[in-house]
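Chain residues, written in single-letter form:
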Amino acid sequence: MASSSYRRPRTRSAPPLVLKLLQGSKRWLTSAIALFLFLAIWELLTLSPDANLPGPIRVLQETWPLIIDPFFDNGGTDKGLFWQILASLKRVAIGFSLSAVVGIATGMIIGSSRLIYDALDPIFQVLRTVPPLAWLPISLAAFQDSEPSAIFVIFITAIWPIIINTAVGVHQIPQDYKNVAQVLQLSRTKYFTDVLFPATVPYVFTGLRIGVGLSWLAIVAAEMLIGGVGIGFFIWDAWNSSLISEIILALVYVGLVGLLLDKLMTLVGNRVVKGSQQ
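Enquirer: Mind showing me how you'd approach the packing of helix α3 (residues 81–112) against helix α8 (residues 188–226) here?
Expert: Two quantities define a packed helix pair, namely the angle between the axes and the distance from one axis to the other. Where α3 contacts α8, the two axes come as close as 8 Å, and the packing angle between them is 145°. The crossing of α3 and α8 is right-handed. For the pair α3 and α8, contact is made by Ile 85, Ser 88, Leu 89, Arg 91, Val 92, Phe 96, Ala 100, Ile 104 and Met 108 and by Phe 192, Leu 196, Thr 200, Val 204, Leu 208, Gly 211, Val 212, Ser 215, Trp 216, Ile 219 and Glu 223, respectively. Here the contact of α3 with α8 is composed, by residue class, of 14 nonpolar, four polar and two charged.

What follows is the structure, given as structure tokens:
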């Protein structure tokens, strides 16, 4: 039986890059529709003249000068949102960096000794539940200045998840790894770089990611009380002036900055984890 000369056309799938772009576009379109529906519902709920909160259109109209000019500086606390957020980020950077250094070192020491871990873990479990603002009176009494007090609040808020996650990571190191290190008589430096760090880095970055999120939450709350330049005081000052639209705009910026910090920490963590596993 002669074979047919007719050939069915091959179905060609789209290149991976095109598929990726299509999937990304679909995701963005879904998010845009959800955002539009949210804004539409918000606008409908605030159409009444008796509404206590402004709708999105009114918020945009009343805060437009702040949106288009975030870099103005009239002295004192009368600054654009860029400088307000930058001042808050500087405090977070100092406080979080200190908590990362101290927390990782403390977590590794605690995780290396079962006796120390059992002794200190109940204390850490209690202290980590203390709300960030509860530390502010203690820090003001200790430092007698608002700036180091705000940094201390960030430090003490972020350090607990870093310590606990690092200690858990050290605990999870398989005993076989420790036995091999002893057989090979690795130096402390080689044990840290070749065994301890690669095994604990995923846990460390989990703690750092939680810590940076808590730091951003803490500084906004602390700045409402300590005053000065910062996004937290900007929100409190707007509340005292009954500028609700400015508060809503600041909350949007706070959320976006918090999201960027989380994504940045995740990106760095993924790269370091991949590097440690190679």
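Enquirer: Please clarify how the pattern of salt bridges should be interpreted in this entry.
Expert: Side-chain pairs of opposite charge can arise whenever the charged atoms involved come near each other. Here the structure, examined in full by the defined rule, presents six salt bridges. Note that Asp 73 is salt-bridged to Lys 79, the shortest N-O span being 2.8 Å. Residue Asp 73 is classed as partly exposed on the basis of its relative accessible area, which comes to 45%. Owing to a relative accessible area of 17%, Lys 79 belongs among the buried residues under this scheme. For Asp 262, the salt bridge goes to Arg 209, with nearest N and O atoms at 2.8 Å.

Enquirer: Please clarify how the nonpolar core should be interpreted in this entry.
Expert: Soluble globular proteins tend to pack their nonpolar side chains together in the buried interior. One finds Phe 96, Leu 208, Trp 216, Ile 219 and Ile 231 to be the most contacted residues of the largest nonpolar core, which totals 45 residues. Elements supplying a minimum of two residues to this core: α3, α4 (114–127), α6 (146–171), α8, α9 (231–240) and α10 (244–277). Sequence-distant contacts of Trp 216, that is, excluding residues within four places in its chain, are made with Ile 85, Ser 88, Leu 89, Val 92, Ile 231, Val 254, Val 257, Gly 258 and Leu 261. Residues Met 108, Val 170, Val 195 and Leu 196 belong to the second largest nonpolar core, which totals five residues.

Enquirer: I'm lost on a nonpolar patch on the surface in this one. Help?
Expert: Together, Leu 29, Ile 33, Phe 36 and Leu 37 line one region of the surface with nonpolar side chains, adding up to about 430 Å² of accessible area. Position of Ile 33 relative to the elements: it lies in helix α1 (residues 16–45).

Enquirer: Mind showing me how you'd approach the environment of Arg 58 here?
Expert: Tracing the chain through its elements places Arg 58 in helix α2 (residues 56–68). According to the relative accessible area criterion, Arg 58 is partly exposed, its value standing at 45%. Separated by 15 residues in sequence, Arg 58 and Glu 43 place their C-alpha atoms 9.1 Å apart.

Enquirer: Would you explain the side chain of Thr 157 in this entry?
Expert: Positionally, Thr 157 belongs in helix α6. Within polar-contact distance, the side chain of Thr 157 engages the backbone oxygen of Val 153 at 2.5 Å. The contacts of Thr 157, once residues within four sequence positions are left out, are Pro 132, Leu 214 and Ala 218.

Enquirer: Just checking my understanding: could you explain the confidence of the model for the protein chain for this structure?
Expert: Low pLDDT means the predicted atomic positions in that stretch should not be read closely. In the predicted model, the protein chain carries a mean pLDDT of 86, and the fraction of residues at 70 or more is 93%. Here helix α7 (residues 175–183) stands out as the element of the protein chain with the lowest mean pLDDT, 77, in contrast to α2, whose mean of 94 is the highest. Here residues 1–5 scores under 50 on pLDDT; set against residues more than four positions off or in separate chains, the count is zero contacts.

The rules we used
Residues numbered from 1 in each chain as written. Predicted model: local features only at pLDDT ≥ 70, side-chain atom pairs only at ≥ 80, totals over all residues. Heavy atoms only, no water. Axes fitted to C-alpha atoms, helices over the stretch in contact; angles between N-to-C directions. Helix = DSSP H or I, 4+ residues; strand = E, 2+ residues; numbered from the N terminus. Left-handed = near helix turned anticlockwise from the far one by under 90°. Contact = heavy atoms within 4.5 Å. Nonpolar A, V, L, I, M, F, W, Y, C, P; charged D, E, K, R; others polar. Salt bridge = Lys/Arg side-chain N within 4 Å of Asp/Glu carboxyl O. Buried < 20%, exposed > 50% of the residue type's maximum accessible area, 1.4 Å probe, protein only. Core = buried A, V, L, I, M, F, W, Y, C linked by side-chain atoms within 4.5 Å. Patch = residues over 30% accessible without salt bridge, like charges linked within 9 Å, V, L, I, M, F, W, Y side chains within 5 Å. Areas by Shrake-Rupley, 256 points an atom, 1.4 Å probe, with all protein chains shown as cover. Polar contact = N/O pair within 3.5 Å; in protein donor to acceptor, adjacent residues only side chain to side chain. pLDDT = per-residue confidence, 0-100.

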